[in-house]
Amino acid sequence: MAWFLARPPSRVRPHVSWPGSSGLMDQAQTQGAPSAHSEEIAEIKVRLDAGDARMGRIEQDLAANTAATQQTAASTAELVDLFTSFKGAFRVFEYIGRLAKPLGYIVGALASVAALWTAWKSGVNPK
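Because the structure is predicted, anything quoted here is derived from the model rather than measured.

Caption draft 1: Focus on the overall build of the protein. From N to C terminus, the protein includes 1 helix and 0 strands. Here the protein holds 127 residues, and the buried ones make up 2% of them. Carbon and sulfur atoms make up 65% of the accessible area of the protein, which amounts to about 11600 Å² in all.

Caption draft 2: Layout of a nonpolar patch on the surface. On the surface, a cluster of nonpolar side chains totalling about 820 Å² of accessible area is made up of Leu79, Leu82, Phe83, Phe86, Phe90, Val92, Phe93 and Ile96. Of note, phenylalanine 90 is situated in helix H1 (residues 27-122). The exposure class assigned to phenylalanine 90 is exposed, which follows from its relative accessible area of 57%.

Caption draft 3: Local environment of the pattern of salt bridges. In this structure the tally under the stated criterion is 2 salt bridges. One salt bridge in this structure joins arginine 98 and glutamate 94, with 2.8 Å as the shortest N-O distance. In this pair, arginine 98 and glutamate 94 are both assigned in helix H1, 4 residues apart and thus about one turn of the helix distant. Looking at glutamate 94, the relative accessible area reads 41%, which means it is partly exposed.

Caption draft 4: Quick look at the confidence of the model for the protein. Averaged over every residue, the pLDDT of the protein is 80; residues scoring 70 or more account for 72%. Segment residues 23-30: pLDDT under 50, and 5 contacts once partners within four positions in sequence are set aside and those in other chains are kept.

Caption draft 5: The arrangement of the environment of serine 85 in detail. Along the polypeptide, serine 85 turns up in helix H1. From its side chain, serine 85 meets the backbone oxygen of leucine 82 in a polar contact 2.7 Å long.

Procedures and definitions
- Residues numbered from 1 in each chain as written.
- Predicted model: local features only at pLDDT ≥ 70, side-chain atom pairs only at ≥ 80, totals over all residues.
- Heavy atoms only, no water.
- Helix = DSSP H or I, 4+ residues; strand = E, 2+ residues; numbered from the N terminus.
- Buried < 20%, exposed > 50% of the residue type's maximum accessible area, 1.4 Å probe, protein only.
- Areas by Shrake-Rupley, 256 points an atom, 1.4 Å probe, with all protein chains shown as cover.
- Patch = residues over 30% accessible without salt bridge, like charges linked within 9 Å, V, L, I, M, F, W, Y side chains within 5 Å.
- Salt bridge = Lys/Arg side-chain N within 4 Å of Asp/Glu carboxyl O.
- pLDDT = per-residue confidence, 0-100.
- Contact = heavy atoms within 4.5 Å.
- Polar contact = N/O pair within 3.5 Å; in protein donor to acceptor, adjacent residues only side chain to side chain.

Structure below.
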């Protein structure tokens, strides 16, 4: 049975002296008390041992999980660096694209002026 499902030990009331009594337990109470306490103590020890074993298994599993996590982090570190550099490269390409659009307009305008100049100098007539 799992330790958390086990019945908690029964609460033992402290001995109460009633008026007119000597304050000592009866012979019947004294005979059953030590064995009841030793059974409860044995039950508590069993539950503590089960909890200790469970905690040991949890610690072993945690250590294995930590080792696997560290191994995964080490093996994916290069991949993360690669993605970070790709992010930087895409940022550079974005800036180049922003610059290329106006430069394309300027180059197109200069090309048309050069074509017009060449046509005028060579004497080409439009059809």
